[in-house]
Amino acid sequence: MHLDDPSLLRSLCRIGEEWVGADSQEVFDVVDPADGRVIATVPRAGKAETRRAIERASSALPAWRGLTARERGVLLRRWHDLILQHRDDLARIMTAEQGKPQAEARGEVSYGAGFIDWFAEEGKRIYGDIIPSPFPGRRIMVLKEPVGVVAAITPWNFPNAMITRKCGPALAAGCTVVLKPAEDTPLSALALVELADRAGIPAGVLNVVTGHPVEIGAELTSNPLVRKLSFTGSTAVGKALLRQCADTMKKVSLELGGNAPFIVFDDADLDAAVAGAIASKFRNSGQTCICANRLLVQDGIHDAFVDRLVEAVGTLDLGPLIHGRAVEGVERLVNDAVALGARALCGGTRRAAGGNYFDPTVLVGVTPSMACANQEIFGPVAPLIRFHTEDEAIRLANDTPYGLAAYAYTRDAGREWRLAEGLEFGIIGLNESMVSTEVAPFGGMKESGLGREGSKYGIDEYLEIKYVCRTG
Ligand SMILES: NC(=O)c1ccc[n+]([C@@H]2O[C@H](COP(=O)([O-])OP(=O)(O)OC[C@H]3O[C@@H](n4cnc5c(N)ncnc54)[C@H](O)[C@@H]3O)[C@@H](O)[C@H]2O)c1
Ligand SMILES: O=C[C@H](O)CS(=O)(=O)O
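Residues numbered from 1 in each chain as written. Chains lettered and ligands numbered in written order. Predicted model: local features only at pLDDT ≥ 70, side-chain atom pairs only at ≥ 80, totals over all residues. Heavy atoms only, no water.

**Thoughts on the site of ligand 2**
Taken together, Tyr111, Asn157, Phe158, Met162, Arg165, Arg283, Thr288, Cys289, Ile290, Ser436 and Phe442 are the residues near ligand 2. A distance of 2.4 Å is found between an oxygen atom of ligand 2 and a side-chain nitrogen or oxygen belonging to Ser436. Here the residues of the shell around ligand 2 sort into 6 nonpolar, 3 polar and 2 charged. Lining the shell around ligand 2 are residues from two domains, each supplying at least three of them: domain 1 (6-256 + 448-471) and domain 2 (261-430). (Near = heavy atom within 4 Å. Polar contact = N/O pair within 3.5 Å; in protein donor to acceptor, adjacent residues only side chain to side chain. Nonpolar A, V, L, I, M, F, W, Y, C, P; charged D, E, K, R; others polar. Domains from an automatic or database assignment.)

Here's what the structure looks like:
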């Protein structure tokens, strides 16, 4: 892989001042999903290394939280600037380990840097309260303090932005972090830590451990020095980690799976609806938590929408899926739907040329009971379900344990409000499918998670509220 700055390609864990291997010297391969080439190896660390990282984060905490928010903000701003200076290299590393096309990868790096920029400022707005006391002679105050050592566990599909979306607010609030990135995409995390080091963020504030997810996770969720877990990943793993945190009562935020409905009403702007569906469904080859997962299309516009969608899909050139298991999972969902009567109007199979590619697919005749309408597809497959009335659309959309993102295209303002209030999802796009920004609260309801990331709300996840009552 060509890098303008090859020293960004780090392949060891970062614990305090040191870049270290696993105690066992074991390593695991990092593989390019496009062709299966091994691009690096990183340590297969476990419990002992994680414990040392936690202890180092704990020892770094007093000095880091002792800085003023402005001082931390200066360091975060430097980190932000270095990320953007090295955007092309960070994108090259991301494409090599995750498969995301270069333009999308550069976009993710800029999006991820936005969280550092945003929270460099938000740290200076962590306001407490002075509350008028009902008791004569007594003062009532509310302080907000950093929660302490944070464990962050992140997924492979956005190997840069999911890390900065946690580390930005955590560091701005005065917390220190032990990060476990996804085993498929550790290099983006290690490059970010290298740049944090160059920015002058003190050693021990941001630590990265790569390796056994279950072993590392067990230490992160059980060690009492860790006061917060911030997890982004599948709902199944999120539930397991939430249970594991109960014994030490950690503060937990979870960004989990989704099953986004994309609703197209008869009165929708057809061009906008097709463009929105393409952008939402096929971004990152369909491997995002907020991808349109079910396209609910009203009877009157259905055929015109299908024709235009198939035409637009025919122009796509997508990247690979993350690994062979992902391709097999998508293939199973498509084959299940077709076996039950759905039709693939385009795509429908893995790419004949081989590799982890699945051809972009439009399925019609899908019914709400099919697996592809109830499971997170995480691939470039658009299942279309017909509906007749608005009430039916809202009922179908809400009929899922997930509640992350939902989209609707209509030009009826009254209907927009009924959808905004009637859809049970944390994020709703009305005539818009590109909703992700650092200034807005990102997160889900029901089994899509707990808490929010980004926005003025995102820093609350890394704070404790302290009530002080003073007489005298
Ligand atoms: N809501 C969001 O903001 C958001 C963002 C990105 C991805 N996601 C979700 O993440 C999933 C895809 O990512 P993924 O495949 O990496 O998810 P995953 O749950 O398999 O893995 C996520 C992270 O958890 C780690 N992990 C896995 N099992 C673990 C265990 N038992 N203990 C500790 N750590 C463990 C993995 O190594 C990885 O770092 C999808 O469901 C997607 O919707 C959600
Ligand atoms: O996959 C989930 C990500 O959170 C999507 S986004 O990058 O925030 O849009």
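Read on for the rest.
**A few points about the UniProt feature "domain: Aldehyde dehydrogenase" (unreviewed entry) in the chain**
As recorded in UniProt, the feature "domain: Aldehyde dehydrogenase" (unreviewed entry) lies at residues 19-468. Structurally, residues 19-468 is divided into 40% helix and 22% strand, and its ends, taken at the C-alpha atoms, are 42 Å apart. (UniProt positions renumbered as here; feature names shortened; annotations may be inferred. Helix = DSSP H or I, 4+ residues; strand = E, 2+ residues; numbered from the N terminus.)

**So, the domain arrangement of the chain**
When the domains of the chain are assigned, the result is domain 1 (6-256 + 448-471) and domain 2 (261-430). Domain 1 and domain 2 are separated by 32 Å when their C-alpha centres are compared. At the interface, 17 residues of domain 1 touch 18 residues of domain 2. Summed over both partners, the interface of domain 1 with domain 2 buries about 1400 Å², with 54% contributed by carbon and sulfur atoms. Of all residues in domain 1, Pro33, Trp156 and Ser448 give up the largest surface area on contact with domain 2, accounting jointly for 34% of the area buried on that side. If you look at where domain 1 meets domain 2, you find 0 salt bridges. The class makeup of the residues in the side of domain 1 that touches domain 2 is 6 nonpolar, 5 polar and 6 charged. (Contact = heavy atoms within 4.5 Å. Buried area = accessible area lost by both parts, 1.4 Å probe. Salt bridge = Lys/Arg side-chain N within 4 Å of Asp/Glu carboxyl O.)

**Some thoughts on the site of ligand 1**
For ligand 1, the set of nearby residues contains 28 residues, the closest of which are Thr154, Arg165, Glu183, Ser234 and Glu376. Gly233 is positioned such that a nitrogen or oxygen atom in its backbone is 3.3 Å from an oxygen atom of ligand 1. The separation between a nitrogen atom of ligand 1 and a polar side-chain atom of Glu255 is 3.4 Å. Its free accessible area being 840 Å², ligand 1 has 88% of it covered by the protein chains. Those elements giving two or more residues to the shell around ligand 1 turn out to be helix 5 (161-173), helix 7 (213-222), strand 10 (226-232) and helix 8 (235-245). For the shell around ligand 1, the residue count by class is 16 nonpolar, 7 polar and 5 charged. Here the shell around ligand 1 gathers at least three residues from each of two domains, domain 1 (6-256 + 448-471) and domain 2 (261-430). (Areas by Shrake-Rupley, 256 points an atom, 1.4 Å probe, with all protein chains shown as cover.)

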